[in-house]
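Residues per chain are reported as follows:
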Amino acid sequence: PTAENPPVRRLADWSPERLRELADDHGTPLYVFDLDRARQNYRRMAEAFPEADVYYAAKANTARPVLQALADEGAGVECASAGELARALDAGVDGSHVHYTAVNPPDRDLDVAVRLAEEHPGVTITVGAEDTLDRLADRGYDGRICVRVNPGVGAGHHEKVTTGADAKFGVPYERAADLAESAAGAFEVVGIHAHAGSGISGEDLSAHRDLVGRMGELARDVEGRGIDLEFVDVGGGFGVPYSPDEDPLDLEAVAEATREALGETEATLAVEPGRYLVADAGVLLTSANTVKETPSGVVVGVGAGMTTLARPAIYDAHHEIRNVAPGADERPSREVTVAGPVCESGDSLGDHWLPDPQRGDLLAVGNAGAYGYEMASQYNSRPRPASVVSDGDDARLARRRETIADVTAVEPEVDR
Ligand code: LLP
């Protein structure tokens, strides 16, 4: 990290004038994404892990300009579904830089993945169950395979995103080497993979070290059976601070611990960060529609709810909020509850100290670049918001705002 490329971009670093201008041009709720910040995040990651291949976990943000900007920096792309795979390839990412991680894949996903892998040489399919191999063979696939292992070690910011010890993911560690060996007869086995969880902090470093150590051992076992692994993928999960009093992850220390724990192998290290590359590159803009005094405090009703940004409702995640209305900084702060428009009491962006919010104020929600738009839904027949991507002085629409007609477009016409 350098002064030009600091480890964290704070919500306070976004220009309120610029955010107000974008809200005026595109309306709210609006996701705003700064491509340059994602590039900076990628560079810090690549500098910390110079020996590794960095795959961007597209599930954090699949907007086409984001995929393209990171791929142009040199990132590969990790895809969690046939849809993400199609979009990464469609965005122009070379097949040899794309991994498709098949988690209990529906038939339809495998059909598409096999077809796309044939059309785009170099795609690797990561398999987390023995019978996924049979299903691929049934489709005539004999290409590049990576074996996903359940490392038995988990970590993460919330139990719902702790993956490593969850039996749903990967083949049991004890069976992985045998599986790689038997698969090598029918496929090209090029890698092994494990992922501990999402939102790993400095305190989880020992879990990360355990996972990498186990993967190093497995790599040596597999290599000892005469299989030349191209890579050992130790997953993503690198956490970012969501509030000003949290410290950023010491990426150099994580990289050092990774190197040490991995030990000797001919294979290249691979990491697949999602959140780390995009979280602080995005904010969500929303307007205060209602300000209400209640016996239990002030409620500020905003346009963005759990259908816009699901993380607070699902994980109790904290996202910093700033009042970016003109002159707001001069107002006294008060504690308010920021609540969305969805008919559920869990539809809240949390309690915040904000310069006295007035109806019409523009609020900016921080760290919305990862798992923000991606997890948006149409619940309550609420069209999804727009998202814009800024690149220097340029800002362009990445996703137009949906309309109610988009919500109903999938319904067959019925005679009434
Ligand atoms: N690789 C694999 C196999 C994964 O399952 C994930 C995330 C990643 C990489 C990227 O993890 P990251 O670096 O972004 O932490 N919706 C949740 C996060 C779910 C993550 C699922 N898997 C949230 O908003 O916190």
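Above this text sits the structure in question.
Residues numbered from 1 in each chain as written. Predicted model: local features only at pLDDT ≥ 70, side-chain atom pairs only at ≥ 80, totals over all residues. Heavy atoms only, no water.

A. Summary view of the pattern of salt bridges. Inspection of the entire model under this criterion finds 26 salt bridges. Put simply, Arg334 and Asp356 hold a salt bridge, and the shortest N to O gap is 3.2 Å. Here Asp356 lies in the loop between strand 15 (348-355) and strand 16 (362-365) and Arg334 lies in strand 14 (residues 333-339), a separation of 22 residues in the sequence. Here Arg399 makes a salt bridge to Glu374, at a shortest N to O gap of 3.0 Å. Residue Arg399 is found in strand 18 (residues 394-399), and its partner Glu374 is found in the loop between strand 16 and strand 17 (386-391); the two are separated by 25 residues along the sequence. Through salt bridges with shared partners, a single network forms among Asp107, Asp111, Arg135 and Arg139. (Salt bridge = Lys/Arg side-chain N within 4 Å of Asp/Glu carboxyl O. Helix = DSSP H or I, 4+ residues; strand = E, 2+ residues; numbered from the N terminus.)

B. Main features of the site of the ligand. Near the ligand you find 21 residues, and of these His157, Ser198, Glu272, Arg311 and Tyr371 are the closest. Measuring from an oxygen atom of the ligand, one finds a backbone N or O atom of Arg275 at 2.8 Å. Expressed as a share of its isolated accessible area of 580 Å², the protein-covered part of the ligand is 92%. Put simply, the ligand lies in the largest pocket. Among the residues forming the shell around the ligand, the class breakdown is 7 nonpolar, 8 polar and 6 charged. Counting contributing residues, the shell around the ligand receives three or more from each of domain 1 (35-277) and domain 2 (280-408). (Near = heavy atom within 4 Å. Polar contact = N/O pair within 3.5 Å; in protein donor to acceptor, adjacent residues only side chain to side chain. Areas by Shrake-Rupley, 256 points an atom, 1.4 Å probe, with all protein chains shown as cover. 1 Å grid on protein atoms, 1.4 Å probe; cavity = no way out; pocket = protein on both sides within 12 Å on 5 of 7 lines; lining within 4 Å. Sits in = over half its atoms within 2 Å of the grid points. Nonpolar A, V, L, I, M, F, W, Y, C, P; charged D, E, K, R; others polar. Domains from an automatic or database assignment.)

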